Amino acid sequence: MSPPVASAAAVAPGIGDGTLPRHVAIIMDGNGRWAKRRHLPRVAGHKAGVDAVRNVTRAARALGIEALTLYAFSSENWRRPEEEVSDLMGLLRLFIRSDLAELVRENVQLRVIGDYRRFSNDIVTLVDDAIAKTAANTGPVLVIALNYGSQAELVEAARRLAARARDGDIDPASIDAGSIEAELDTAALPPLDLVIRTSGEHRLSNFLLWQAAYAELLFVDTLWPDFDGHALGEAIADFSQRQRRYGGL
């Protein structure tokens, strides 16, 4: 049995009457450095990172965030040592098997962005099964980015629009920002409001580049395994105090 989800007031007491983001995305960075500081193997950092995922997703539900997108495995992560990639795949299996029942019970809908079908057949089956079992849920959406790269996403969107124009289904002159957004993996999600990156790095690393055009960005020094529900609450409280002008006054 999972522990009870804390109340929004307990998670983020600093929000007050401020505006909550509908869609939050997190670049989960720092697992390796967390392990190194403790003289542990990198896989220990990744295991601790899975615990952080669990804590943060529960906190996001308590806060009433509609969609939470987590950058779990980028298309560039294949460049890591084979052993580390294997460890990450094992942890992905563990997370799905151990947390799926809670997602179903808590009315969370799981979605995946990125080309996860490049993974091994058993992982693809696990992901497909998890998506199917939560598809009818009507609560918050948990989005996992697997083998995801924003530039590749944009290239594929452009190719699909070009093919439709070639076939005469659309007028090239009619293509606008909305046309592109409709072709992205995130088309059915609320607009992205806040991007958080942990570990002190200050870059987006090919993550949701189009979607982040008007999102608020927050870079924190906390390593991902140490980023918990209260850290998310602090990030949301910071967001709630910002004024978003979208180019206006």
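Above this note sits the structure.
Keep in mind it's a predicted model, so treat the numbers as computed, not measured.

1. Observations regarding the overall build of the protein
Looking only at helices and strands, one finds 8 helices and 6 strands in the protein. Mapped in sequence order, the helices and strands of the protein form the string α-β-α-α-β-α-β-α-β-α-α-β-β-α. For the protein, the spread of C-alpha atoms along the principal axes amounts to about 55 × 50 × 35 Å. Considering the protein as a whole, with its 249 residues, one finds that 47% of them fall into the buried category. In the protein, the share of contacts with a sequence separation of at least 24, taken over all contacts with a separation of at least 6, comes to 80%. Total accessible area computed for the protein in this model is approximately 12600 Å², and 52% of it derives from carbon and sulfur atoms. The average position of the 28 basic charges and that of the 33 acidic charges among the side chains of the protein differ by 4 Å.

2. Observations concerning the sheet that holds strand β1 (residues 23–27)
Note: strands within a sheet are paired through backbone hydrogen bonds, in either parallel or antiparallel orientation. Here we have 6 strands laid out as an open sheet, ordered β3-β4-β2-β1-β5-β6, and parallel in their pairing. The open sheet has two free edges, formed respectively by β3 (109–113) and β6 (216–219), since each of these has just one partner strand. The mean inter-strand angle of the sheet, taken between neighbouring strand axes irrespective of direction, is 20°. The pairing of β3 with strand β4 (residues 141–148) spans 5 bridges and is parallel. Paired with Val112 across the bridge in β4 is Ile144.

3. Side note on unusual backbone geometry
Generally, phi is negative for residues other than glycine and the peptide bonds are trans, each holding for most cases. Of note, the phi angle at Asn107 is positive, near 65°, even though the residue is not glycine. With respect to the secondary-structure elements, Asn107 resides in the loop between α4 (82–105) and β3. We note that Ser205 has phi near 50°; this positive angle belongs to a residue other than glycine. One can find Ser205 in the loop between β5 (194–197) and β6.

4. Brief notes about the pairing of strand β2 (residues 67–74)
For a regular strand, side chains alternate in direction, first toward one face of the sheet and then toward the other. When you tally the buried positions in β2, you get 7 out of 8 residues, the bulk of the element. Of the pairings in the sheet, the one linking β1 to β2 comprises 5 bridges and is parallel in character. Paired with His23 across the strands is Ala67, a residue of β2.

5. Some remarks on the nonpolar core
Core analysis: the biggest nonpolar cluster contains 47 residues, and Ile26, Leu142, Leu146, Ile196, Phe227 and Leu232 have the highest contact counts within it. Considering each element in turn, this core owes the most residues, 9 residues, to α4. Discounting residues that sit within four places of it in the chain, Phe227 has contacts with Ile26, Ala52, Val56, Ile196, Thr198, Val220, Thr222 and Leu232.

6. Examining the packing of α4 against helix α5 (residues 121–134)
The contact between α4 and α5 brings their axes to 10 Å, and the two run at 15°. Put simply, α4 runs roughly parallel to α5. Viewed along their axes, α4 and α5 form a crossing whose handedness is left-handed. Contact with α4, carried on its side by Met89, Leu92, Arg93, Ile96, Arg97, Leu100, Leu103 and Val104, involves Asp122, Ile123, Leu126, Val127, Asp129, Ala130, Lys133 and Thr134 of α5 and no other residues of that element.

7. Side note on the packing of aromatic side chains
All told, the structure shown has 7 aromatic pairs when counted by the stated rule. An angle of 15° between the planes, with centres 4.2 Å apart, marks the rings of Tyr71 and Phe207 as stacked. One end of the pair, Tyr71, is in strand β2; the other, Phe207, is in the loop between β5 and β6, and 136 residues separate them in sequence. According to the relative accessible area criterion, Tyr71 is buried, its value standing at 8%. Here Phe207 falls in the buried class, since its relative accessible area comes to 1%. Seen from their ring centres, Tyr148 and Phe207 are 6.1 Å apart, and the 85° between their planes marks the pair as edge-to-face. Of the two residues, Tyr148 is situated in strand β4 and Phe207 in the loop between β5 and β6; the sequence distance between them amounts to 59 residues. Like Phe207, Tyr148 is buried. An aromatic cluster is built from Tyr71, Tyr148 and Phe207, whose rings are joined through pairwise contacts.

8. Points about the pattern of salt bridges
Side chains bearing opposite charge may pair, as long as their charged atoms lie close to each other. Under the counting rule described, the total for this entry stands at 21 salt bridges. Two residues, Glu84 and Arg42, come together in a salt bridge whose shortest N-O distance is 2.9 Å. Here Glu84 is found in helix α4, whereas its partner Arg42 is found in helix α3 (residues 42–63), with 42 residues between them in sequence. Exposure remark for Glu84: the relative accessible area of 8% places this residue in the buried category.

Calculation rules
- Residues numbered from 1 in each chain as written.
- Predicted model: local features only at pLDDT ≥ 70, side-chain atom pairs only at ≥ 80, totals over all residues.
- Heavy atoms only, no water.
- Helix = DSSP H or I, 4+ residues; strand = E, 2+ residues; numbered from the N terminus.
- Buried < 20%, exposed > 50% of the residue type's maximum accessible area, 1.4 Å probe, protein only.
- Contact = heavy atoms within 4.5 Å.
- Areas by Shrake-Rupley, 256 points an atom, 1.4 Å probe, with all protein chains shown as cover.
- Lys, Arg positive; Asp, Glu negative; His and termini not counted.
- Charge placed at Lys NZ, Arg CZ, Asp CG, Glu CD.
- Pairing = 2+ DSSP bridges.
- Axes fitted to C-alpha atoms, helices over the stretch in contact; angles between N-to-C directions.
- Core = buried A, V, L, I, M, F, W, Y, C linked by side-chain atoms within 4.5 Å.
- Parallel < 35°, antiparallel > 145°, perpendicular 65-115°, else oblique.
- Left-handed = near helix turned anticlockwise from the far one by under 90°.
- Phe/Tyr/Trp six-rings, centres within 6.5 Å; stacked < 30°, edge-to-face > 60°.
- Salt bridge = Lys/Arg side-chain N within 4 Å of Asp/Glu carboxyl O.

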